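This is what each chain is made of:
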Amino acid sequence: MRRQKKPCPITEAGIRYVDYKDDRLLGRFITDYGKILPSRLSGVDARHQRQLSKAVKKARYLALLPYVKGQTS
Amino acid sequence: MAKLKIRRNPTRRYEAVYIFDSALEDTTIAEKLEKLQALLNLAEPAEIEHWGRRQLAYKIGRHESGYYIISHFTTAPSTLPEFERALKLDEGVVRYLVTLYEHELGAPKLSDEELASRRRASDDDDDDEE
C-alpha cells in the first residue's frame, strides 16, 4: 500500500516563486539544526524544493537564516 | 555557440540586497547607498526598500546586526563589475548580494506587499495543518 502523497505546502500557499528574503517561509523548511528539510518529509514538490534549496542558501549568506542553528558561540 | 550573446536589449533586471554596518547613521547609509547606486548609470531610479536594522542570524566579523536595504534596478551587465568592486571596498557594507530579478521568465514575481502580508499572516498562524 502506498502512502497517500501530502499536498505541497508551498503550492497550497499559492506561491509560484520561493523568495530568499522570506525567512519566515524558509524557516518552516529547515530542521532544528538549520538543515534543509528533505521534501519526503515536508511534501514540497520537486520544482519548489529546487527553488527552496537555492533560496535557503541565499538567505544563509545574507544572515537571514543561520548555517548552523542551536550553537552557543 | 554565441547565440546567447545576441540580445536586442542588453539590459537586465537585478535585485541587490545590501547589509550595511548598523552602527552607521541613517544619513550616512543613505549617502553611501546613493553613491553606490550612481555607479550603475540607471536610466530610471531604482526601487529601494529599507528593511532597517535587523539582527543577523550569525555574527559576521564583529557585527551582530545589520541595516538591510533591498534595491531593484535595470542595468547593463557590463556596469556590474565596477559596482561590485566598489561594494567590496566599502567598509560600511557588511555584505551584499546581487541577483537577477527576472521571475517573470518562470513565474510571476512576488510583490513586496504580498511578501509583507505573508509575513504578517504567518505571525498568527504559525502552526500549519500537518
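A brief structural summary. Being a predicted model, the structure only gives us computed values, none of them experimental. Numbers given for residues are sequential positions, taken from 1 along each chain in its written order. Note on labels: chains are lettered from A, ligands numbered from 1, in written order. Given that this is a predicted model, residues contribute local features only at a pLDDT of at least 70 and side-chain atom pairs are listed and counted only at 80 or more, while totals for whole chains, interfaces and linings are drawn from all residues.

## Overview of the overall build of chain A
Going along the chain from the N terminus, every DSSP run of H or I of four or more residues is numbered as a helix, and every run of E of two or more is numbered as a strand. A tally of helices and strands in chain A yields four helices and zero strands. Listed by position from the N terminus, the elements making up chain A come as α-α-α-α. Across its three principal axes, chain A shows a C-alpha extent of roughly 45 × 25 × 15 Å. Within chain A, the proportion of its 73 residues that are buried is 33%. Throughout, a pair of residues is in contact if the C-beta atoms placed from their backbones lie within 7 Å. Expressed as a percentage of contacts within chain A between residues at least 6 apart in sequence, the contacts between residues at least 24 apart total 73%. We call a residue exposed when 12 or fewer other C-beta atoms sit within 10 Å of its C-beta, buried when the count reaches 20 or more, and partly exposed for counts in between; the C-beta positions come from the backbone.

## Topic: the nonpolar core
Across soluble globular proteins, nonpolar side chains have a tendency to be buried as a group. As used throughout, a nonpolar core is a set of buried Ala, Val, Leu, Ile, Met, Phe, Trp, Tyr and Cys residues joined through C-beta atoms within 7 Å of each other. Counting residues in hydrophobic clusters, the biggest one holds 35 residues, and the most contacted among them are A:Leu26, A:Ala59, B:Tyr18, B:Ile19 and B:Phe20. When contributions to this core are tallied by element, the ones reaching two or more residues are helix H2 (23–27) and helix H4 (46–61) of chain A together with strand S1 (12–21), helix H1 (26–38), strand S3 (63–75), helix H2 (80–89) and strand S4 (93–100) of chain B. The leading source of residues in this core is S1(B), at six residues.

## Focus on the sheet that holds S1(B)
Strand pairing in a sheet relies on backbone hydrogen bonds, with the paired strands running either antiparallel or parallel. Residue and element names in this part refer to chain B. The strand order S2-S3-S1-S4 describes an open sheet built from four strands, whose pairing is antiparallel. The outermost strands of the open sheet, each flanked by one partner alone, are strand S2 (47–60) and S4. On average, each strand axis in the sheet is tilted by 25 degrees relative to the strand beside it, whichever way the strands run. A pair of strands counts as paired when DSSP detects no fewer than two bridges linking them. Every angle, taken between N-to-C directions, lies between 0 and 180 degrees, and every axis is a line fitted to C-alpha atoms, over only the stretch in contact when it is a helix.

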